[in-house]
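# Examining the three-dimensional arrangement
Below are the chains, spelled out letter by letter.
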Amino acid sequence: MPELLLDGQPLKVDEGTTVAAALLLGGDGSSRTSVSGQRRAPFCGMGVCQECRVSTDGQRRLACQTLCRDGMRVESRP
Amino acid sequence: MKVDILIIGAGPAGMAAALAAAPSGARIALLDDNPAVGGQIWRDGPQAHLPPQVHEQRRRLAAQSTIQLLTASRVIAQAGPKQLLVEDAACARVIEYDKLILCTGARELLLPFPGWTLPGVTGAGGLQALIKGGLPVAGERLVIAGSGPLLLASAATAQANGARVLQIAEQASWAAVAGFAAQLPRWPHKLLQALGLWHPGYRASSHVIAALGDSHLQAVRLSINGQVKEVPCERLACGFGLIANTQLGQALGCRIEHNSIAVDNWQASSQVDIYAAGECTGFGGSEKALVEGAIAGHAAVGDLAAARHLWPQRQRWQGFARALQHSFALGEPVKQLATPDTLICRCEDIALADLREHGGWTPAKLASRCGMGACQGRICGAATQVLFGWQPPAPRPPFSPARIDTLLQLGQPE
Amino acid sequence: MSQSADIIIIGAGIIGAACAHELARRGLRVLVLDAGRRAATAAGMGHLIVLDDNPAELALSQYSLQRWRDWGRDMPADCAYRQNGTLWLAANAEEMAVAEAKYQVLREQGLDCQLLGAAALQAAEPELSQTLHGALKVGGDGILYAPNAARWLLQHAQIELRMARVVEIDHRRVRLDDGAWLSAEVLILANGVYARELCPELPLQAKKGHLLITDRYPGRVNHTLVELGYVTSAHNASGPSVAANIQPRPTGQLLIGASRQFDSEAPEVEPWMLGKMLRRAVDYMPGLAGLNAIRAWTGLRAASPDGLPLLGEHPQRPGLWLAVGHEGLGVTTAPGSADLLVAQLFGETAPLAPDAYLPQRFLGVAAHA
């Protein structure tokens, strides 16, 4: 089972779990704050809408198309 | 990297194309932006339950030493003639090909309505994908709305993972849905599928009015056959049908007809050596995609006899596709769900009221920033096409957000 | 045929809008016609920058910058005006000498500028390459979002904006593509690169440019960063060239340029040119490589042979006034261009000596003199 750091907190997830799922498994599910200050969560689920952009190991990536890996650092965006 | 056949999209069409082309000995690369093959319909994950047929397909793919799988990889630009620039999590490369097969699939049409930006609201197919990827929904109350058979499929996935599906609101009329169902015996396998997916909360002539809640979804206001009803819930999944992913084909110069990549009997596009198969040539489900993909794979390696042999099968599933598209045509009410303060552009938070005054996509974009965000109008462009009839612009590189590091490879000698 | 306004302006880009604004302010009725085609105001960077390739360019850009700073106080937020200053980056000792010479020239004109050594540059912009030798900071430069600035300039009761394409100019009237004729005492041609279609004798050359913008990364860059190679070598060549130009937008996005091509007017983004341009920018700011780009596009600059605009009455076509040929400086010099043109129209003394910008320098003397 991979263990990642989600916003600084350790989280163990099943193999094959997406970062999008991890956001809810280890937090409130939200991924970013919008331009006008609303919290947003993964929406289209298939790599199109860009709502689930988070920082994984320092890179901005889509949570819905990224699998959790052991030691991965994930930060949802304030 | 150089291959004989490059296949973009590893859903049913792309997998079938690769398997059909493989016996020729051609070097094949099969690329997909998801972490695993399967596309949307056969997406794998900790909460996915794939049919045995899919495991068989995946086993056959893995057994072919001439097929290279490039997952979690995205096409960013055309690097030169018969060259695509591709990015994955770690690096970027230019792939050169002789023949290209586009199996880029479809995405959901996501239409704006009040509250659609609240956490807890997702696409219908989107929710299914998120659940397969491990999103926990056990014990959650779920409402599904929109249009098309995907609503039932999404409900089934959610229920299998412990969600309570309270209501499914289909915008098409009972007459349309019944008409579609009545045609299903022509495709007995589809009829059995539909029966397996049937849900007592399914209502026709019904649609979402608003998602309610402050910082998170708390309830959904629905119009159920003309009656307004509020349903407390934790999750709302809304999809209004499918849109073919034609951007890459369009950028490569393929002719687009009826919002799909136009192909001939061999699944060949209007561009030499570019084929297309599956949902991107017109949506009609995995069976159509499988047979089209196989025809494209055979044709791309010159095995025209094998391709021709599959024509009758394709014709059968294209009939199903026509029935599907006709029955679930969008009615006017769902095109008018957004109110003046509903955000249309989710990237830049641009409301309906800021768009209406403009005469088209480009002036609206220039004046309001609608479509200038990271999704590059994929969501709001499709929505304004339905709402206002605005034509979204032609795609330009980068086709998706890409690391600048990746783009540095453009024009660089190998 | 109706006389629908005192003055008809062809082109609602930043130049046409600035002219309309000044004329309306003086009480004239102005009809602005725009074909809605892709054009430089929408495509450009919106960089307000003092350039000093020659005294006339310096005078016009310096005067215009002051006008923008005045307007900046009244412009609505969506015009995204900021006075963030430009840093001219010196990559080596030779370019640092250029920076010092430029500093002298600008200081003589009373401009707010400052030389930064390598350490001061690092402190001002930590994301820049540590190999840079220093920079010249020009504090009065700024940025804005030109499409909305043009719209703001056109918001006046005396100005009517009409979406229509002019296909012919005949004395003091224009024919639209629907066949209708409109007339006015004065016509002003301000449609950039498209002016050649209506006035083939104009010596305008299209110079294609590429731009790319990133996702939002607030706080990484403060000033607009421009390499001094922009004025020394790269952009003075006649072939395709690139120069590093990195601009922080108020959204937190970084807008990256610049390229120049003479042989292509096609709107397509050319991958090899995009790659070349970005490699140059990353040389100056290595951290760019890890950021996500979200969009690239192109535009055409309408350049005159000497790089200065044509501002004044057409010497052989009385009643037709020209405000074209601004190359990459249209947004910067729009206020000054409008003031120069309008002063000539009213027979007043212009705020700048108009001679260097007169169309006569290319089109010969007046036939009706």
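All values derive from a computational prediction rather than experimental measurement.

## Notes on the sheet that holds strand β10 (residues 164-170) of chain B
Residue and element names in this part refer to chain B. The parallel open sheet is built from five strands, whose spatial order is β8-β15-β9-β10-β11. Each of the sheet's edge strands pairs with one partner strand only, and the pair in question is β8 (121-122) and β11 (202-203). As judged from the two bridges shared by β8 and strand β15 (residues 235-239), these two strands associate in the parallel manner. What sits directly across from V121, in β15, is L236. Lying on the sheet, helix α3 (residues 124-132) is in contact with β8, β9 (141-146) and β15; it crosses β15 at an angle near 125°. Sheet contacts for helix α4 (residues 150-160): β9, β10, β11 and β15; angle to β10, the most-contacted strand, approximately 175°.

## Details of the interface of chain A and chain C
Where the parts come together, the accessible area they lose is often given as the size of the interface. At the junction of the two partners, chain A supplies four residues and chain C supplies four residues. When the area that chain A buries against chain C is broken down by residue, the three leading residues are V35, R53 and R60 of chain A, summing to 89%. There are two salt bridges connecting chain A and chain C. Where chain A packs against chain C, one counts four residue pairs in polar contact (both at pLDDT 80 or more).

## Overview of the interface of chain A and chain B
Taken together, the contact pairs 34 residues of chain A with 38 residues of chain B. At the boundary of chain A with chain B, total buried surface from both sides reaches about 2,800 Å², with 59% on carbon and sulfur atoms. When the area that chain A buries against chain B is broken down by residue, the three leading residues are F43, M46 and Q65 of chain A, summing to 26%. Summed over the shared surface of chain A and chain B, the result is two salt bridges. The shortest N-O distance in the salt bridge between E51 of chain A and R346 of chain B comes to 2.7 Å. Run the count over chain A and chain B and you get twelve residue pairs in polar contact (both at pLDDT 80 or more). With four residues, the single largest contributor to the side of chain A that touches chain B is helix α1 (residues 19-25) of chain A.

## Details of the pattern of salt bridges
All names here are of chain C. Summed over the entire model, instances satisfying the criterion amount to 43 salt bridges over all chains. As a salt-bridge pair, R73 and D70 come within 3.1 Å of each other at their nearest N and O atoms. Judged by relative accessible area, which is 65%, R73 ranks as exposed. With a closest N to O distance of 3.3 Å, E160 and R162 form a salt bridge. According to the relative accessible area criterion, E160 is partly exposed, its value standing at 35%. Residues participating in the shared-partner salt-bridge network are E22, R25, R26, R67, D339 and E348.

## Side note on the sheet that holds strand β14 (residues 227-232) of chain B
Residues and elements named next belong to chain B. Ordered in space as β12-β13-β14, the three strands form an open sheet in which the pairing is antiparallel. Every interior strand has two partners, whereas the edge strands, β12 (206-212) and β14, have only one. Neighbouring strand axes in the sheet, compared pairwise and without regard to direction, differ in orientation by 25° on average.

Parameters and conventions
Residues numbered from 1 in each chain as written. Chains lettered and ligands numbered in written order. Predicted model: local features only at pLDDT ≥ 70, side-chain atom pairs only at ≥ 80, totals over all residues. Heavy atoms only, no water. Pairing = 2+ DSSP bridges. Helix = DSSP H or I, 4+ residues; strand = E, 2+ residues; numbered from the N terminus. Contact = heavy atoms within 4.5 Å. Axes fitted to C-alpha atoms, helices over the stretch in contact; angles between N-to-C directions. Buried area = accessible area lost by both parts, 1.4 Å probe. Salt bridge = Lys/Arg side-chain N within 4 Å of Asp/Glu carboxyl O. Polar contact = N/O pair within 3.5 Å; in protein donor to acceptor, adjacent residues only side chain to side chain. Buried < 20%, exposed > 50% of the residue type's maximum accessible area, 1.4 Å probe, protein only.

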